[in-house]
Amino acid sequence: MLDKPAWGKTCEAVQDLVQESKDLMQDFTDSDALDAAVIPAQQSVEHDEISRYGTLRTWAAHLGMKKAVKLLEQTLQEEKKTDELLTQLAEETVNLKAA
Ligand SMILES: [Fe+2]
């Protein structure tokens, strides 16, 4: 869209959250609390994505990049929906199982 090559940079904060989830999965293997233990780290990843996509959408809007705004808004809404579903899963099922 911008006629520039795509590039990326590894986010160490998200990498740490992924490792945290892996560690928790080992710590809670065969435990009824496994999912309850892992969901918070996964939601932290979603929150990071919400922050970044929201910022990028706003910057695109300031630059008048309407097509980019539409795509970034769509992705932002997907991340928010995932966060909501994780909350719902935790509150309605996973936390009760863990208790
Ligand atoms: Fe996500």
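These numbers were taken from a predicted model, which means no experiment stands behind them.

> Looking at this structure, I do not really get the overall build of the protein chain. What am I missing?
A count of helical and extended segments in the protein chain gives 3 helices and 0 strands. Along its sequence from the N terminus, the protein chain presents helices and strands in the succession α-α-α. Against the 2.2 N^0.38 benchmark of 13 Å for 99 residues, the protein chain shows a C-alpha radius of gyration of 17 Å, more extended than a compact globule. With respect to the three principal axes, the spread of C-alpha positions in the protein chain is 50 × 25 × 15 Å. Counting all 99 residues of the protein chain, 26% fall into the buried class. Look at the contacts in the protein chain between residues 6 or more apart in sequence, and 60% of them connect residues 24 or more apart. Here the protein chain holds 11 positive side-chain charges and 19 negative ones, and the gap between their average locations is 14 Å.

> Quick question: what am I supposed to make of the packing of helix 2 (residues 34-62) against helix 3 (residues 66-98) here?
Two measures define how a pair of helices packs: the angle their axes make with one another and the distance between the axes. Two numbers describe how helix 2 lies on helix 3: the axes approach to 9 Å, and their chain directions differ by 165 degrees. Taken together, the axes of helix 2 and helix 3 lie roughly antiparallel to each other. Handedness of the crossing formed by helix 2 with helix 3: left-handed.

> Would you mind showing me how to read the coordination of the iron ion here?
Angles at a metal have ideal values that depend on geometry: 109.5 degrees with four tetrahedral donors, 90 or 180 degrees with six octahedral donors. Coordination of the iron ion by the protein involves Glu46 (OE), Glu46 (OE), Glu49 (OE) and Glu79 (OE), with metal-donor separations of 2.0 to 2.7 Å. Geometry at the iron ion is irregular, judged from the 4 donor atoms that bind it and their angles of 50 to 122 degrees at the metal. What makes Glu46 buried here is its relative accessible area of 11%. Looking at Glu49, the relative accessible area reads 23%, which means it is partly exposed.

About the thresholds
- Residues numbered from 1 in each chain as written.
- Predicted model: local features only at pLDDT ≥ 70, side-chain atom pairs only at ≥ 80, totals over all residues.
- Heavy atoms only, no water.
- Helix = DSSP H or I, 4+ residues; strand = E, 2+ residues; numbered from the N terminus.
- Rg over C-alpha atoms; globule rule 2.2 N^0.38 Å.
- Buried < 20%, exposed > 50% of the residue type's maximum accessible area, 1.4 Å probe, protein only.
- Contact = heavy atoms within 4.5 Å.
- Lys, Arg positive; Asp, Glu negative; His and termini not counted.
- Charge placed at Lys NZ, Arg CZ, Asp CG, Glu CD.
- Axes fitted to C-alpha atoms, helices over the stretch in contact; angles between N-to-C directions.
- Parallel < 35°, antiparallel > 145°, perpendicular 65-115°, else oblique.
- Left-handed = near helix turned anticlockwise from the far one by under 90°.
- Donors = N, O, S within 2.8 Å, 3.2 Å for Na, K, Ca; no water.
- Tetrahedral: all angles 85-135°; square planar, octahedral: opposite > 155°, others 65-115°.

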